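Per-entry structural report
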Amino acid sequence: MATARTWGRVSRWPGTAAFPPNRKRKVHPVTARAEWKAHWGVPLAAALGYATSVIHIYGLGVYIEPISESFGWSRATTTFGMTIATLIQAVFGVPIGMLVDKVGPRILGIIGIPLTCAAFTLLGTASGSAWQWYALWTLMALATLPVQATVWTAAVASRFARSRGLAFAITLCGASVAAALFPWLGARLIAAYGWQSAMAWQGLAWMALAWPVILVLFRTGRTPPPAKDDAPASRTPAPEGVSFLEGLRSPVYLRLLVASLLFTFTVLALVVHFVPILTDAGLPPARAAALASLIGLFSIAGRLGTGLLLDRFPAAYVGAAIFLLPVASGLILLGAGAQGAVPVAVLIGLTLGAEVDVIVYLATRHFGLKAFGALYGGLLVALSVGTALGPLAASAVYDRTGGYDMFLLTTLVLMVAASLALFSLPRPAFGHE
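Read on for a plain summary of the structure. (Residues numbered from 1 in each chain as written. Predicted model: local features only at pLDDT ≥ 70, side-chain atom pairs only at ≥ 80, totals over all residues. Heavy atoms only, no water.)

On to the overall build of the chain, then. Per the secondary structure count, the chain includes 21 helices and zero strands. Evaluated residue by residue, the chain yields a buried proportion of 54% over its 433 residues. Long-range contacts, defined as pairs at least 24 residues apart, comprise 83% of the intrachain contacts of the chain with a sequence gap of at least 6. Total accessible area on the chain is roughly 18,400 Å²; 67% of this is exposed by carbon and sulfur atoms. (Helix = DSSP H or I, 4+ residues; strand = E, 2+ residues; numbered from the N terminus. Buried < 20%, exposed > 50% of the residue type's maximum accessible area, 1.4 Å probe, protein only. Contact = heavy atoms within 4.5 Å. Areas by Shrake-Rupley, 256 points an atom, 1.4 Å probe, with all protein chains shown as cover.)

What follows is the structure, encoded as structure tokens:
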């Protein structure tokens, strides 16, 4: 009788084991180098996707003044559109995360990139009606749902374990590129074509750059299903972690929610209003936009540096220290104004380069990957609410007081609280610290 040859190779006969029943297959740990060799394109493509998801946030700053002047709007009216968009994103944060867990991130990313860029171009069709402006931002919000951060980070988390911090850092550098490029690009397009045509050109140009790369390199699917007891040993095991409801009930999750909310409320407001703060202090718009680009450039350094630190030191302590940098930024702006613009841009950039990296890394280490999409979707709700309310609150403070000092004082208190929320976290349950 013919027998199946199975030692050292996969069986050719159905129903036979791939390895001798009395011997266990030796499993070699995957190295960081092996992860990058196999999946190097995923973080690079995800970085472009993540940059697309924030085009309406980091790209808005240089448009605030010309839009407000064109229609006679207050800055609160102009920025309220972004508030609408981010609140809608917050509502759908958990459902999108569950969808990522179910169907995988690739199809969502491919659909979402052209939708997001098209919606950004439509913002340039504003006619002066506040209600039309808010309707356009509602479309913007719906278009960005398939490109939320959950899509890109879930793909990277499923492919990287030993080098997850650095992989996240490279992915989230997409926002750093956005913060550096979009103000610079927007200012030049506005000067050449006016703000309405500039929005159209910016959206179309970015889609032409990002979409082909994502089509080619963003080739990752959902995590394979768990192997059955009688399946070959080579099957990929189910991801470990807690369930969605278990994570929601955890005090750790509450602290991550608080830190996420307070961070984006303050720092995203500083980013969006950085150009108006400097122009109010007397700097020309082009000079202010150039300084704003420093935020993006230094956020790249912040993300890469943070990624390396997260792979080597306790993530809670790394995050707690980084979350104190905006305190120094607020003190400099209050004391020196525009004269301190360069160090403020550097500090904001370093912090901006770390926030989501820290939160998403801590989420994977404390809760695992079993329900990562849904749990991170919940954290994205807090990030979105902070993004929605922070710039609006800064606009309201300006409209009421004629300056930003009161908001800067608030920044000091909130960022200290966010730092303490991270510092108090226990040791993680999954992975190493």
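On we go.
So, about the environment of Pro183. With respect to the element layout, Pro183 can be found in helix α10 (residues 164-193). By relative accessible area, Pro183 is classed as buried at 7%. Taking the C-alpha atoms as reference points, Pro183 and Val275, 92 residues apart in sequence, are found 9.0 Å from one another. With residues near it in sequence (within four places) discarded, Pro183 still touches Tyr58, Val62, Ala178, Ala289 and Ala292.

Turning our eyes to something else, we now look at the packing of aromatic side chains. In this structure the tally under the stated criterion is 16 aromatic pairs. Ring geometry for Trp131 and Tyr134: centres 6.0 Å apart, planes at 85°, overall edge-to-face. Here Tyr134 and Trp131 lie together in helix α8 (residues 130-144), a separation of three residues that amounts to about one turn. Where Tyr253 meets Phe367, the ring centres are 5.6 Å apart and the plane angle is 70°; that geometry is what we call edge-to-face. You can see Tyr253 sitting in helix α13 (residues 251-272) and its partner Phe367 sitting in helix α19 (residues 355-367), a full 114 residues away along the chain. According to the relative accessible area criterion, Phe367 is buried, its value standing at 3%. The rings of Phe71, Trp73, Trp133, Trp137 and Trp195 are connected pair by pair, giving a single aromatic cluster. Between the NZ or CZ atom of Arg75 and the centre of the ring of Tyr398, over which it lies, the distance is 4.5 Å. (Phe/Tyr/Trp six-rings, centres within 6.5 Å; stacked < 30°, edge-to-face > 60°. Lys NZ or Arg CZ within 6 Å of the ring centre and 35° of its normal.)

Before going further, it helps to spend a moment on a nonpolar patch on the surface. Together, Val91, Phe92, Leu122, Leu139 and Leu142 line one region of the surface with nonpolar side chains, adding up to about 440 Å² of accessible area. Within the secondary structure, Val91 sits in helix α5 (residues 75-91). (Patch = residues over 30% accessible without salt bridge, like charges linked within 9 Å, V, L, I, M, F, W, Y side chains within 5 Å. Salt bridge = Lys/Arg side-chain N within 4 Å of Asp/Glu carboxyl O.)

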